[in-house]
Amino acid sequence: MINLSPEVQTALKQGKPVVALESTIISHGMPYPQNVNTARRVEDVVRKYGATPATIAILDGKVLVGLTSNQLEKLGTLGSKCRKCSRRDLALVVAQKGNGATTVAATMYLAKLAGISVFVTGGIGGVHRGVESSMDISADLTELGKTSVTVVCAGAKSILDIPRTLEFLETHGVPVVGYQTKHFPAFFTRESGCPAPLTLNSPAEIAGFLHAKDGLGLEGGAVIAVPVPESQAAEAGKIEEATQQALKEVTDKNIQGPAITPYLLERINQLTKGRSLAANVNLVLNNAKVGTQIAVELTKLDEKAVFLRASVHGQ
């Protein structure tokens, strides 16, 4: 069921660091051709910092972990014609030999099946504003509570109810770490107004934390929240104003379910005259750098643990 690219298969077999990447950001997060160009730039960053990129998607019913250049192009040109796949959608798309772009939840699940423990994305889903009446809570959060993959992101999207999102993660035992910050970031902006539950300051420190988590048998994922670089952050006030307008339009137009987030991101980009999209690209590239550095440090610890076990058995 899982088709590893030769590059990913070789890296995993040799115990080299591999970083999972989602595909919804390609099909639904940006317009073509910027989506494909950004995807290639992200993969280049992962390689530059010492790991193998593994973009995950479903094409013609095949679950692909690691895409060729042609497959990336196909995904980008299909755009929103590609089904947005969360965990619940995977079996149907495979059975119908369809095309699917994986969300955070689905990418986590498939990365775990492939043996990949670090995943880089833009931002996680969460509890939607107005949850009291809609009960709209992203499957990303429940996946984080049960699937042992670390998600490196720029926090939760600013269109969400971030305080409730953090409360949900706490309830499900998911550690949320601010990278070099005591503030939980809100995707486009460096601070959401909520404190980061935990703070760690280097990839090596985060790798040590994740290694200890694994050693204690603590199931479930972890969120590493990386603020967008200060020099590239969009202005919080203007984006919040655009967010409120876009949210009102969602209600007025009765937009529901998986269509909400793509509509909001596109509309916010229009209202901010492209500043939010530029911030989106920059934060994903920055997340790829940090996530790869974490994956490299984690591999070092894994190699050391294997060496120590072998030494003990050899005595």
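Before reading further, recall that the structure is shown in the block above.
Everything in this summary refers to the structure shown in the same document. (Residues numbered from 1 in each chain as written. Predicted model: local features only at pLDDT ≥ 70, side-chain atom pairs only at ≥ 80, totals over all residues. Heavy atoms only, no water.)

**A few points about the nonpolar core**
Put simply, the rule is: The set of buried Ala, Val, Leu, Ile, Met, Phe, Trp, Tyr and Cys residues whose side-chain atoms join them within 4.5 Å is what this entry labels a nonpolar core. Three exposure classes are used, based on accessible area relative to the maximum for each residue type with a 1.4 Å probe and protein chains only: buried under 20%, partly exposed in between, and exposed over 50%. The way it works is that DSSP assigns letters per residue, a run of H or I at least four long becomes a helix, a run of E at least two long becomes a strand, and they are numbered from the N terminus. In what follows, residue pairs with any heavy atoms lying within 4.5 Å of each other are defined as contacts.
Within the largest apolar cluster, 99 residues are counted, with the highest numbers of intra-cluster contacts made by Ile124 and Leu144. Looking at this core element by element, the count peaks at 11 residues for helix 13 (residues 275-314). Excluding its chain neighbours within four sequence positions, the residues that come into contact with Ile124 are Val104, Asp140, Leu141, Leu144, Val151, Cys153, Gly155, Ala156, Lys157, Leu160, Leu169 and Val223.

**Re unusual backbone geometry**
Residue Tyr32 is joined to Pro33 through a cis peptide bond whose omega torsion reads 5°. One can find Pro33 in the loop between helix 2 (24-27) and helix 3 (34-48). Residue Asp60 is not a glycine yet carries a positive backbone phi of 55°. Locating Asp60 in the fold gives a position in the loop between strand 3 (52-59) and strand 4 (62-65). Although it is not a glycine, Phe187 sits at a positive phi angle of roughly 60°.

**Overview of the state of the cysteines**
Selection rule: Two cysteine sulfurs form a disulfide in these notes if their separation is within 2.5 Å.
In total, this model carries zero disulfides according to the counting rule given. For Cys85, which is in no disulfide, the shortest distance to another cysteine sulfur is to Cys82 and amounts to 7.1 Å. Not part of a disulfide, Cys153 finds its nearest cysteine sulfur in Cys194, a span of 14 Å.

**Overview of the environment of Glu297**
Topologically, Glu297 is positioned in helix 13. Leaving out residues up to four positions away in the same chain, Glu297 has contacts with Pro203, Ala204 and Ala207.

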